[in-house]
Amino acid sequence: MGSIGSTGRVEVGHRLRPNGEGPRGNASTGAANVSGGQVSNAARVVAGMRAGFRNCYNRALAQNPDVEGRIALSIRVGPGGEVQGVSAAPSGNLPDSVVSCVKARAQAAQFDPPQGGLAVIQVPVTFVKQ
């Protein structure tokens, strides 16, 4: 169980940073592998998702400082560049809340229309504490 120190903060199994925050995490994405049609801005859009993925992870770290893992994302991009669907294969000890948050962030993305009409973008996402 946690204890309340003189600052009034609850410490639950981990040390607080000097500014009072718990552990922070990082979300890194590997190279986006595109199959089907070519998506000219795939790398840029995926890179733009990293901050959102990191926020998903940091919320989970606030609840459990031992959370780490990976998600293999598969993003189906329709003819207009819209995301038609997202699937995720998690590994490690990531809670469902991280997986659903990451999927929602990916679902909200907008890509350039793929050459050939449709594309699937595979994105490896790794979550580690800093």
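Each remark here, short or long, concerns the structure printed above.
Note that this is a predicted model, so its numbers are computed, not measured.

Asks: It is not clear to me how the state of the cysteines should be interpreted in this structure. Could you clarify?
Replies: The final tally for this structure, using the stated rule, is 1 disulfide. At a sulfur-sulfur separation of 2.0 Å, the disulfide partner of Cys-56 is Cys-101. Because the torsion about its S-S bond is -70 degrees, the bridge between Cys-56 and Cys-101 counts as left-handed. Residue Cys-56 is found in helix H1 (residues 42-63), and its partner Cys-101 is found in helix H2 (residues 96-107); the two are separated by 45 residues along the sequence. Here Cys-56 and Cys-101 have matching classes, each one buried.

Asks: It is not clear to me how H2 should be interpreted in this structure. Could you clarify?
Replies: Think of an α-helix as turning once every 3.6 residues; residues three or four places apart then point the same way. Its 12 residues give H2 an end-to-end C-alpha distance of 16 Å, which sits within 8% of 16 Å, the value for a rise of 1.5 Å per residue. When H2 is considered as a whole, its buried residues turn out to be Val-98, Val-99, Cys-101, Val-102 and Ala-106. Taken down its axis, H2 places every buried residue within 165 degrees of arc, on the same side. For H2, the secondary structure elements touched by its buried residues are H1, strand S5 (69-77), strand S6 (83-92) and strand S7 (119-129).

Asks: What am I meant to see in the side chain of Asn-41 here?
Replies: Among the secondary structure elements, Asn-41 is positioned in the loop between strand S4 (33-36) and H1. By relative accessible area, Asn-41 is classed as buried at 6%. From its side chain, Asn-41 meets the backbone nitrogen of Asp-112 in a polar contact 2.8 Å long. Setting aside residues no more than four positions away along its own chain, Asn-41 makes contact with Gln-110, Phe-111 and Asp-112.

Rules used in this analysis
- All residue numbers refer to positions counted from 1 along the written sequence of the respective chain.
- Given that the model is predicted, a residue must reach a pLDDT of at least 70 before its local features are reported, and side-chain atom pairs must reach 80 or more before they are shown or counted; all residues, however, enter totals for whole chains, interfaces and linings.
- Excluding hydrogens and water, the side-chain values take into account all heavy atoms of the structure.
- Any two cysteine sulfur atoms within 2.5 Å of one another count as a disulfide.
- Secondary structure elements follow DSSP: runs of H or I no shorter than four residues count as helices, runs of E no shorter than two count as strands, and numbering proceeds from the N terminus.
- Note on classification: 1.4 Å probe, protein chains only; a residue is buried when its accessible area is under 20% of the maximum for its type, exposed when over 50%, partly exposed between these limits.
- Helix span is expected to be 1.5 Å times the residue number reduced by one.
- The directions from the helix axis to the C-beta atoms are what the arc is built from.
- In what follows, residue pairs with any heavy atoms lying within 4.5 Å of each other are defined as contacts.
- We define a polar contact as two N or O atoms separated by no more than 3.5 Å, with the added condition that, inside protein, one atom must be a possible hydrogen donor and the other a possible acceptor, whereas residues neighbouring each other in sequence contribute only through side-chain atom pairs.

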